[in-house]
Amino acid sequence: MITTPVTEALLHGHLDVEHTGRGLLPHRLPAKARRQIPDEQLAMAESQPSGVRLAFRTRATTLALHTVPTKRAYPGVPDLPDGVYDLLVDGRPAARATVPGGNLRTVDLTTGRTTLTEGPPGTAHFTDLPAHDKTVEIWLPHTETTELIALDSDAPLTPVPAGTRNRWLHHGSSISHGSNATHPTGTWPALAALAAGLDLTNLGFGGSALLDPFTARTIRDTPAELISLKLGINLVNADVMRLRAFTPAVHGFLDTIRDGHPTTPLLVVSPLLCPIQEHTPGPLAPDFTTGTLRFRATGDPGPGRLTLTVIRDELARIVEARRADGDPHLHYLDGRALYGEPDFETHPHPDDLHPSPEAHRLIAARFTHLALTPGAPLAP
């Protein structure tokens with residue numbers, strides 16, 4: 001076997017790397033932005049490599065990826081399954097693996113506090129791969145922070161260079177991050193990117209699509225051929241602002257992005273249907289009364305309080321009435337076109353907040369059709 005240390009040359013879909021005592025840790029926000037993160041939730045989310053993958057050419061039939069995963073545990077919630085590593089050969093699913101062991105991060109859902117217990121590294125094994133020369137991608141677990149150590153193979157490998165496909169830069173909430181998807185190429189952004197042949201950089205951050213200025217600056221400074229923003233639900237979940245603050249914050253977020261991407265196709269997507277917050281403000285609270293983790297909205301309606309209905313109306317007004325005349329490359333999509341009331345009847349949210357794996361596939365297919373096909377707002 002040939003042992004190849006994992007270097008940044010092998011990585012796609014990340015924005016930065018950190019050299020740790022045991023390996024290489026991909027990040028989805030650059031170091032300058034990470035220094036401004038105000039809470040542990042976003043720090044954890046951006047280190048989880050949703051959309052990040054290794055890509056290389058090889059004739060190898062056997063691969064072993066050595067990593068240190070950081071798994072999560074929530075008191076009162078059943079243990080989460082191990083994160084999944086998806087292996088693709090020439091763009092097609094070919095194998096799947098998990099890595100046992102690793103670190104354990106325990107998260108208190110009522111306070112947000114976390115504790116980290118270190119554990120040993122492990123290995124994802126892939127065997128019986130085709131023997132011909134091929135492009136291999138290993139997509140990392142989308143909700144499991146992953147330090148990369150080395151890659152063993154029974155034939156040499158060559159990194160695939162970046163920039164061979166159009167880059168799609170997407171920002172959103174936990175739904176974009178991939179909550180409830182069972183594997184990394186099963187998140188709706190990954191499914192849409194693979195269907196459209198795009199180079200995905202996924203800035204979906206669980207609980208943290210909050211119009212943070214450092215996120216806007218990150219998007220501004222990242223090369224991309226097409227950009228989408230799915231905004232709104234986390235602002236309601238966290239109850240972080242009122243309508244008076246929301247409107248200029250959206251304008252400021254878009255202005256910052258346009259400073260670096262003045263003519264790049266930019267699609268603003270309003271929230272998908274989520275009945276518990278359509279007309280009820282946040283904050284959101286965990287609910288364990290059924291024996292499993294569910295969520296409920298706890299806010300009281302009032303002037304200026306944000307709900308999903310309020311946010312959709314305001315985003316449409318901002319994009320279509322206030323900015324469209326001066327920005328022909330800016331577009332708006334009502335999120336209910338991706339997942340609406342009929343879909344909730346057939347594919348309800350398992351936890352009242354996040355789509356099911358089947359709904360991720362539905363959302364991806366509709367986004368591909370409405371946003372990425374010829375004549376659509378983000379058509380490459």
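What you are looking at is a predicted structure, and each value in this text was computed from that prediction instead of being measured.

### Let's talk about the side chain of His177
- Tracing the backbone shows His177 in helix H3 (residues 174-177).
- For His177, a relative accessible area of 3% puts it in the buried group.
- Within the structure, His177 has its side chain in polar contact with the side chain of Gln48 (distance 3.2 Å).
- Engagement of the side chain of His177 in a polar contact is seen with the backbone nitrogen of Gly206, the distance being 3.0 Å.
- Ignoring sequence-local partners within four residues, the contact set of His177 consists of Arg28, Ala45, Gln48, Ser50, His142, Thr143, Thr187, Asn202, Gly204, Phe205 and Gly206.

### Things to note about the packing of helix H4 (residues 188-196) against helix H10 (residues 357-372)
- For the pair H4 and H10, interaxial distance at closest approach is 8 Å and the crossing angle is 45 degrees. When the axis of H4 is compared with that of H10, the two are oblique. For the crossing formed where H4 meets H10, the hand is right-handed. Residue-level inspection shows Trp188, Leu191, Ala192, Ala195 and Ala196 of H4 in contact with H10, the latter providing His360, Arg361, Ile363, Ala364, Phe367, Thr368 and Leu372.
- Here the contact of H4 with H10 is built from residues that sort into 9 nonpolar, 2 polar and 1 charged.

### Focus: the pattern of salt bridges
- For the coordinates displayed, the defined rule picks out 18 salt bridges.
- Arg53 is paired through a salt bridge with Asp199; the nearest N and O atoms lie 2.6 Å apart. Pair noted here: Arg53 is in strand E5 (residues 53-58) and Asp199 is in strand E16 (residues 199-204), with a separation of 146 residues, a long-range link.
- Classification of Asp199 as buried rests on a relative accessible area of 8%.
- For the salt bridge of Asp255 with Arg323, the shortest nitrogen-to-oxygen distance reads 2.8 Å. Of this pair, Asp255 sits in helix H7 (residues 243-260) while Arg323 sits in helix H8 (residues 308-323), and the two are 68 residues apart along the sequence.
- On the basis of relative accessible area, Asp255 is assigned to the partly exposed category, the value being 38%.
- One network of salt bridges, with partners in common, ties together Glu278, Arg312, Asp334 and Arg336.

### Description of unusual backbone geometry
- Residue Pro283 is reached from Gly282 by a cis peptide bond, and omega for that bond is 10 degrees.
- Mapping Pro283 onto the fold places it in the loop between strand E18 (266-269) and strand E19 (284-287).
- A positive phi angle, near 50 degrees, is found at Asp90, a position not held by glycine.
- Relative to the assigned elements, Asp90 resides in the loop between strand E7 (84-89) and strand E8 (92-98).
- Among the residues examined, Asp90 registers a relative accessible area of 42% and is labelled partly exposed.
- Non-glycine residue Leu211 carries a positive phi angle of around 60 degrees.
- Structurally, Leu211 can be placed in the loop between E16 and helix H5 (213-221).

### Observations regarding H10
- Compared with an ideal rise of 1.5 Å per residue, which puts 16 residues at 22 Å, H10 spans 21 Å between its outermost C-alpha atoms and is within 8% of the ideal.
- Burial in H10 covers these residues: Ala359, His360, Ile363, Ala364, Phe367, Thr368, Ala371 and Leu372.
- Residues of H10 that are buried sit in contact with strand E15 (167-172), H3, H4, strand E17 (226-230) and E18.

### Quick word on the packing of aromatic side chains
- Going through the model one piece at a time under the given rule, you end up with 3 aromatic pairs.
- Relative to Phe367, the ring of Trp168 has its centre 5.3 Å away and its plane inclined at 15 degrees; by these criteria the two rings are stacked. Of the two residues, Trp168 is situated in strand E15 and Phe367 in helix H10; the sequence distance between them amounts to 199 residues. Side by side, Trp168 and Phe367 carry an identical accessibility label, which is buried.
- The interplanar angle of 55 degrees and the centroid separation of 5.0 Å between the aromatic rings of Trp188 and Phe367 together place this pair among those described as tilted. With Trp188 in helix H4 and Phe367 in helix H10, this pair connects stretches of sequence that are 179 residues apart.
- Looking at Trp188, the relative accessible area reads 1%, which means it is buried.
- A cation over an aromatic ring shows up here: Arg53 above the ring of Trp139, its NZ or CZ 5.0 Å from the ring centre.

Conventions and cut-offs
Residues numbered from 1 in each chain as written. Predicted model: local features only at pLDDT ≥ 70, side-chain atom pairs only at ≥ 80, totals over all residues. Heavy atoms only, no water. Helix = DSSP H or I, 4+ residues; strand = E, 2+ residues; numbered from the N terminus. Buried < 20%, exposed > 50% of the residue type's maximum accessible area, 1.4 Å probe, protein only. Polar contact = N/O pair within 3.5 Å; in protein donor to acceptor, adjacent residues only side chain to side chain. Contact = heavy atoms within 4.5 Å. Axes fitted to C-alpha atoms, helices over the stretch in contact; angles between N-to-C directions. Parallel < 35°, antiparallel > 145°, perpendicular 65-115°, else oblique. Left-handed = near helix turned anticlockwise from the far one by under 90°. Nonpolar A, V, L, I, M, F, W, Y, C, P; charged D, E, K, R; others polar. Salt bridge = Lys/Arg side-chain N within 4 Å of Asp/Glu carboxyl O. Expected span 1.5 Å × (residues − 1). Phe/Tyr/Trp six-rings, centres within 6.5 Å; stacked < 30°, edge-to-face > 60°. Lys NZ or Arg CZ within 6 Å of the ring centre and 35° of its normal.

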